[in-house]
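Each chain, letter by letter, is given below.
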Amino acid sequence: MKLKLTADLMFGKNIDETKDFLEGLLAEFNKKMVKEKVGVEKWFINNNTLTLTVTSEGKRRAHEVLLQLRKTLSEQMGKKYRVGVRNIKTKRYEITFEVEKKPLQQIKVPFAEVSIKNRIVKLVLEEIDEEFLRKNYVDRIIKRVKEKIDAQYYEGKKEYWELIWESEQKEPLWDKDPSEEMQKLGWIVLLGKGKWFYRPPAAAIMRAMERIALENIVQPLGFKEVIEPMHVSFETWLRTGHLEGMPGEIYYICEPKSRDPAEWERFIDLVKITKEVPSEELVKNLKPPRDGVVYAQCPNIYASMRGKTIAEEDLPLLLFEHYVPSNRYESGGKHGIERVDEFHRIEIVYIGRKEQLVELRDRLIESYKHVFNNILELEWRMARVTPFYMQQAGIVGSEEEKSKGTIDFEAWLPYRGDRSKEWLEFQNISIVGEKYTKAFNIKGQKSELWSGCSGVGLERWMVSFLAQKGLNPDNWPKGFKKYLPELPEMPKFL
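Our subject in this report is the structure included herewith. Keep in mind that what you see is a predicted model, and the values were worked out from it rather than measured.

Conventions we followed
- Residues numbered from 1 in each chain as written.
- Predicted model: local features only at pLDDT ≥ 70, side-chain atom pairs only at ≥ 80, totals over all residues.
- Heavy atoms only, no water.
- Helix = DSSP H or I, 4+ residues; strand = E, 2+ residues; numbered from the N terminus.
- Rg over C-alpha atoms; globule rule 2.2 N^0.38 Å.
- Buried < 20%, exposed > 50% of the residue type's maximum accessible area, 1.4 Å probe, protein only.
- Salt bridge = Lys/Arg side-chain N within 4 Å of Asp/Glu carboxyl O.

## So, the overall build of the protein
When helices and strands are counted, the protein shows 17 helices and 23 strands. Its C-alpha radius of gyration of 30 Å places the protein more than 25% over the 23 Å reference for a compact globule of 494 residues. Seen along its three principal axes, the alpha-carbon backbone of the protein occupies a region of about 95 × 65 × 50 Å. When the 494 residues of the protein are sorted by exposure, 46% land in the buried category.

What follows is the structure in structure tokens.
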């Protein structure tokens, strides 16, 4: 990597008389840095400003060297001339580096002009300030360019998928879409995009699924309940990576700028007169979002333990949350109750030593098997999946991948047709290693901590069951009917 940075160092007063002294300081600085392939190439003084060019071809970044030089000059010039560097302004920063793959299309990033020839990338940044350098935006820009190039080669590729277990095939009792049939019966009502209202029969089925999960999986394994808010701060999502990973799937929350009726007078007038919502006027009265609606419950759980040290005797720490619904903007991908914008789930979170989590995963799998085989009597299968970032790192099939990663549970949906492809991921178990314990500085008293989660999506459980067993309770397995002996009646609408 080659870096060339031209910057102005602005001193507190005219430094023309210090030219000879500065020349000696810079020569000495270059001599010290020669092994690191770093140096000040050219420089000149204009009144209170020292303009210089720093180059680097080693591990040290040119801006790191500039900040070090600023400190050195301030100390030495302060001793002799009682003057120091007040400010730095980078006029131009050229960064050239080679990437492993030739980009398939043009790359753009904020703050920098990007040009690429074959596998050689050149970034040019102009007029950037000292804070920009100190916050290390430069390295993040370089990293982002590499990520974007890698992404071009992985777009459209499926995740690694390996079948590890499957149940026996079961004869389906019908082949209709349960969501459509429940709508016809009035059991569910669509209230807005991807948001359902569950009337008594559907609500009873969902609550039965919840009791099955709690009584056969969550509680027997010792998980303890927590309750969290429905808002998640941007700070939390910056740590978990959600804001950089899926910003287009989040529902954002805006607070009013004021509760003063006078501030809302025009908005109210327009609503009363037009009987419509004046969007532009509304936006004027809102603050920019700083939070979003829960996407998954685990980020708030981790955030609640930020900076905590967990006692050794409390490992593994087992928690679950099932109070707050999750919201995800699905856009055009919605279908029935299995792919929605708002859904209900039991979020299971576990934090402990690596070996504890691997053992817990095995116990969770056996508990899920009991439920899906003996209570719901589903046709289903398990597969080990590996996210793209693990594939790119060469982790597929490694010992690390066997400990980390995700196991998906999939159910066949007869109404979609062919068994060879029409499966719904309705449950999973993940171990994510140190990803979140490090992000939130959660430590063990003695142990290095890993974490993981398993989300029980009640709508997904419900649609998997009803797609195979139908809506007639007479055809439901005895194991399930223990939790729901009979369906409540529907209200009569005239």
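## Section: unusual backbone geometry
With an omega of -5°, the peptide bond running from L315 to P316 counts as cis. Position of P316 among the secondary structure elements: in the loop between β14 (309–310) and β15 (317–321). Phi is positive for E377, close to 55°, though the residue is something other than glycine. Within the secondary structure, E377 is located in the loop between α12 (354–375) and β19 (380–386). Classification of E377 as partly exposed rests on a relative accessible area of 31%. A positive phi angle, close to 55°, is found at N441, a residue other than glycine. Classification of N441 by relative accessible area gives partly exposed; the value is 39%.

## Some thoughts on the pattern of salt bridges
What the rule picks out here adds up to 33 salt bridges. Taking the shortest distance from any N to any O, the salt bridge between R381 and E410 comes out at 2.7 Å. On the criterion of sequence distance, the pair formed by R381 in strand β19 and E410 in strand β20 (residues 405–412) is long-range, its members being 29 residues apart. For the pair formed by R381 and E410, the shared burial category is buried. Three or more residues joined by partner-sharing salt bridges are found here, namely R92, E94, K122 and E126.

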